[in-house]
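Each chain, letter by letter, is given below.
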Amino acid sequence: TIGNSVTSIGNDAFYNCMDLTKVTIPNSVTNIGEGAFWKCTGLTSIAFNGTMEEWNAISKDYNWKVGVPATEVVCTDGEISISEA
């Protein structure tokens, strides 16, 4: 809703939510915290309602996605790999 935009996904926000299979992150988000999606072993689809440039500008803790099988984030203008190096 207007005026109530999500700006941050907190530490351990979805920790161990194994039944979570897809998520859409709004482009109002500027921070994804430590372990936000840690052990979300069913999460195979991550969408971002913004551009690749906006996604890259988000502050993301280095272990925000430990155990997540999704390998990319689908943005409005393309896909960004989030695979482990």
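Residues numbered from 1 in each chain as written. Predicted model: local features only at pLDDT ≥ 70, side-chain atom pairs only at ≥ 80, totals over all residues. Heavy atoms only, no water.

A. Broad picture of the state of the cysteines. The final tally for this structure, using the stated rule, is 0 disulfides. Between C40, a free cysteine, and C17, which holds the nearest cysteine sulfur, the sulfur-to-sulfur gap is 5.1 Å. Between C75, a cysteine without a disulfide, and C40, which holds the nearest cysteine sulfur, the sulfur-to-sulfur distance is 19 Å. C75 gets classed as buried once you look at its relative accessible area, which sits at 7%. (Disulfide = S-S within 2.5 Å. Buried < 20%, exposed > 50% of the residue type's maximum accessible area, 1.4 Å probe, protein only.)

B. Molecular detail of the side chain of K65. Examined against the element boundaries, K65 turns out to sit in the loop between β5 (59–60) and β6 (72–75). Of note is the side chain of K65, whose polar atom sits 3.0 Å from the backbone oxygen of I82. (Helix = DSSP H or I, 4+ residues; strand = E, 2+ residues; numbered from the N terminus. Polar contact = N/O pair within 3.5 Å; in protein donor to acceptor, adjacent residues only side chain to side chain.)

C. View of the sheet that holds β6. One open sheet accounts for 4 strands, arranged β2-β4-β6-β7; its pairing is mixed. The two strands at the open ends of the sheet, each matched to only one other strand, are β2 (22–26) and β7 (78–81). Sheet twist, expressed as the average angle between the axes of neighbouring strands with direction ignored, equals 25 degrees. Examined bridge by bridge, strand β4 (residues 45–49) and β6 share 2 bridges and lie parallel to one another. Counterpart to A47 in the pairing with β6 is V74. (Pairing = 2+ DSSP bridges. Axes fitted to C-alpha atoms, helices over the stretch in contact; angles between N-to-C directions.)

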